[in-house]
Amino acid sequence: MVAISILSLRRRPVPDRLKTPDSAFWDAQTLACAPLGPYPPELESDTMKLLIVLSLVVLAVARPNEFYDVKYESFDVDEMTNNDRLLKAYALCFIGDGKCTAEGSDFKKWIPEAVQSSCGKCTEKQKVLVAKALKAIKTKLADEYVRLNKIHNPNSKYDSTIEDFLAKYAV
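For the protein, the name recorded in an unreviewed UniProt entry is Chemosensory protein, with Arctia plantaginis as its organism.

Quick look at the structure:
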């Protein structure tokens, strides 16, 4: 549809008053600024409107998501943290040593950014869920926590940030 609009702009006839080289419209500045040749004022207005609309569409499409998917806000983290076998399965998934569920795969993708930004793309509810899960792994599965921390925080750069995050959200 956009291509059709652009083509229709190019096919409009140029008014006779604009075809003569001595017309005020054909001044040197206009020629220098228009790589495809100068357009009549009514076409320039239409073209500008089209460019503005296209720019807004590109901006809207290219804008990254502000938060992680809210479908995981209903994830039952208490079931996971109270079941040692399930907790270990998720921990091994996050480390890369075990199979992942669909949720586990998504969580695993988000871990690096979440560690670096204290779960900056998480909603408040998701921060509580992440903190509870991380605290459970840290307390119940210390070896897996150490391995997970070495993967996503190899230089211990974010240790204090993680501790502050857990203190605030893992109630």
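Counting across every chain of the model gives seven aromatic pairs. Look at Phe75 and Phe107: their rings are 5.3 Å apart centre to centre, the planes differ by 85°, and that puts the pair in the edge-to-face class. Taken together, the positions of Phe75 in the loop between α3 (41-62) and α4 (77-82) and Phe107 in helix α6 (residues 102-117) put the pair 32 residues apart, joining distant regions of the chain. Here Phe75 matches Phe107 in class, with each residue buried. Plain terms: the ring middles of Tyr90 and Phe94 are 6.1 Å apart, the flat faces sit at 50° to each other, and that makes the pair tilted. Taken together, the residues Tyr90 and Phe94, both in helix α5 (residues 84-95) and four residues apart, mark about one turn of the helix. According to the relative accessible area criterion, Phe94 is buried, its value standing at 9%. Linked through ring pairs, Tyr72, Phe75, Tyr90, Phe94, Phe107 and Trp110 together constitute an aromatic cluster.

Thresholds applied
Residues numbered from 1 in each chain as written. Predicted model: local features only at pLDDT ≥ 70, side-chain atom pairs only at ≥ 80, totals over all residues. Heavy atoms only, no water. Phe/Tyr/Trp six-rings, centres within 6.5 Å; stacked < 30°, edge-to-face > 60°. Helix = DSSP H or I, 4+ residues; strand = E, 2+ residues; numbered from the N terminus. Buried < 20%, exposed > 50% of the residue type's maximum accessible area, 1.4 Å probe, protein only.

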